[in-house]
Amino acid sequence: MTLTQSSQNPPMIRLSGVRKSYGHFEVLKGIDAEVARGEVVVVCGPSGSGKSTLIRTVNRLEEIASGSITCDGNDMHGSVPASEMNRRRSRIGFVFQNFNLFPHLSVLDNIAMSPIRVKGVARDVARSKAKQLLDRVGLADKAGAFPAQLSGGQQQRVAIARALAMEPPVMLFDEPTSALDPEMVGEVLAVMKTLAADGMTMMCVTHEMGFARDVADRVWFMDDGLILEAAPPKEFFSNPQHARAQRFLADLR
Ligand code: ADP
Ligand code: MG
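By convention here, each chain's residues receive numbers from 1 onward along its written sequence. Key to labels: chains lettered from A, ligands numbered from 1, both in the order written. For this predicted model, a pLDDT threshold of at least 70 governs which residues receive local features, and a threshold of 80 or more governs which side-chain atom pairs are given and counted, while totals over whole chains, interfaces and linings are taken from all residues. To get the side-chain values, all heavy atoms of the structure are used, and hydrogens and water are removed first.

Considering the packing of helix α4 (residues 107–117) against helix α6 (residues 152–164)
- Geometry is summarised by axes, namely lines fitted to C-alpha atoms with helices restricted to the contacting stretch, and by angles between N-to-C directions that run from 0 to 180 degrees. For helices the rule is a DSSP run of H or I covering at least 4 residues; for strands it is a run of E covering at least 2, with both sets numbered from the N terminus onward. α6 packs onto α4 with a crossing angle of 25° between their chain directions and a minimal axis gap of 8 Å. When the axes of α4 and α6 are compared, the pair comes out roughly parallel. Crossing of α4 over α6 shows right-handed handedness. Residue-level contacts link Val107, Asn110 and Ile111 of α4 to Val158, Ala161 and Arg162 of α6.
- Residues of the contact of α4 with α6, tallied by class, amount to 4 nonpolar, 1 polar and 1 charged. In these notes the angle categories are as follows: under 35 degrees is roughly parallel, over 145 is roughly antiparallel, 65 to 115 is roughly perpendicular, and the rest is oblique. Throughout, a crossing is termed right-handed when the near helix is turned clockwise from the far one, and left-handed when it is turned anticlockwise from it by less than a right angle. Between two residues, a contact is recorded if the distance between any of their heavy atoms is within 4.5 Å. Residues were grouped as follows: Ala, Val, Leu, Ile, Met, Phe, Trp, Tyr, Cys and Pro as nonpolar; Asp, Glu, Lys and Arg as charged; and all remaining residues, including Gly, as polar.

In structure tokens, the structure reads:
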């Protein structure tokens, strides 16, 4: 890409020289990577390689020791007032492995709460938007239910709708299907697939290699705190460059 192009169309996420340690253990060893606007990146790699830590640094759920991270042009690790940092974070949707819904709120209120509280959206507007989002994730009939009354797959689809309610330009997913019974994985991946088809920028940590094949623009393979490979899925799956990536793929089969 020429300089002009990149300044006119900066990446959605840019990670530069990102390092982080837990005590003496360096978990991120210098990450340089970009997610383009509209791009879907699947992050894979062995357990403990740093995938969760990496994705959580993007919206500053984890601090970094050095380097920089921008999202939609905003510095995510600079020293800015807490209110401004919260505003920046509210523009990044995050979906966790364990859904993290508010157990005491109805499905509808789970979705409408942040737009009302954080963005000051009028209650009726937020609730009607929440209904549309529920419809979009196939749960129009569950507005009044509480999280405990839903299956894992349904809860995760509510969690996706809740993240979308803030109208973020980018969505991050950390193993969104890993806590689900196998028969519920497909319904969550299907919702993620429609998001991707609608042009959402997405960074997804997942072991679902079928999803990576079908939906990802690029796969990042992490091992031991580094991104060892970043390639389109066709290339990555047919011709992994590193022995560690080859072993990782062989172990999945
Ligand atoms: P992954 O998501 O790829 O499985 P993680 O980012 O969760 O990897 O963890 C990477 C490494 O960092 C692991 O060795 C893990 O034990 C360690 N780690 C993660 N979180 C913490 C923490 N809060 N304190 C200390 N070590 C941690
Ligand atoms: Mg993880």
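Let's pick the thread back up.
Topic: the site of ligand 1
- Any residue with a non-hydrogen atom lying within 4 Å of a molecule or strand is treated as near it. Tyr22, Phe25, Val27, Pro46, Ser47, Gly48, Ser49, Gly50, Lys51, Ser52 and Thr53 make up every residue found near ligand 1.
- By the criterion applied in these results, polar contacts are pairs of N or O atoms within 3.5 Å in which, for protein atoms, one can donate a hydrogen and the other can accept it, and in which residues neighboring in sequence qualify only through two side-chain atoms. Between ligand 1 and Ser49 there is a distance of 3.2 Å, counted from an oxygen atom to a backbone nitrogen or oxygen.
- Contact between ligand 1 and Thr53: an oxygen atom at 2.6 Å from a side-chain N or O atom of the residue.
- Each accessible area is a Shrake-Rupley result for a 1.4 Å probe, and residues are judged covered by the shown protein chains and nothing else. In isolation ligand 1 has 560 Å² of accessible area, and contact with the protein removes 57% of it.
- Put simply, the parts of the chain that give the shell around ligand 1 at least two residues each are β2 (25–35) and α2 (51–58).
- When residues in the shell around ligand 1 are grouped by element, the largest group, 3 residues, is from α2.
- Partitioned by chemical class, the residues of the shell around ligand 1 number 4 nonpolar, 6 polar and 1 charged.

Side note on the pattern of salt bridges
- A pairing counts as a salt bridge when a side-chain nitrogen of Lys or Arg comes within 4 Å of a carboxyl oxygen of Asp or Glu. Going through the model one piece at a time under the given rule, you end up with 18 salt bridges.
- Taking the shortest distance from any N to any O, the salt bridge between Asp72 and Arg37 comes out at 2.9 Å. Separated by 35 residues along the polypeptide, Asp72 in the loop between β4 (66–71) and β5 (74–75) and Arg37 in the loop between β2 and β3 (40–44) bring together distant segments of the chain.
- To sort residues, take the accessible area from a 1.4 Å probe on protein chains only and compare it with the maximum for the residue type: under 20% means buried, over 50% means exposed, and anything in between is partly exposed. Residue classification places Arg37 among the partly exposed residues on the basis of a relative accessible area of 35%.
- The closest approach of N and O atoms between Asp72 and Arg91, which form a salt bridge, is 3.1 Å. One end of the pair, Asp72, is in the loop between β4 and β5; the other, Arg91, is in the loop between α3 (82–89) and β6 (92–95), and 19 residues separate them in sequence.
- A single salt-bridge network, built from bridges that share partners, covers Lys20, Arg56 and Glu62.

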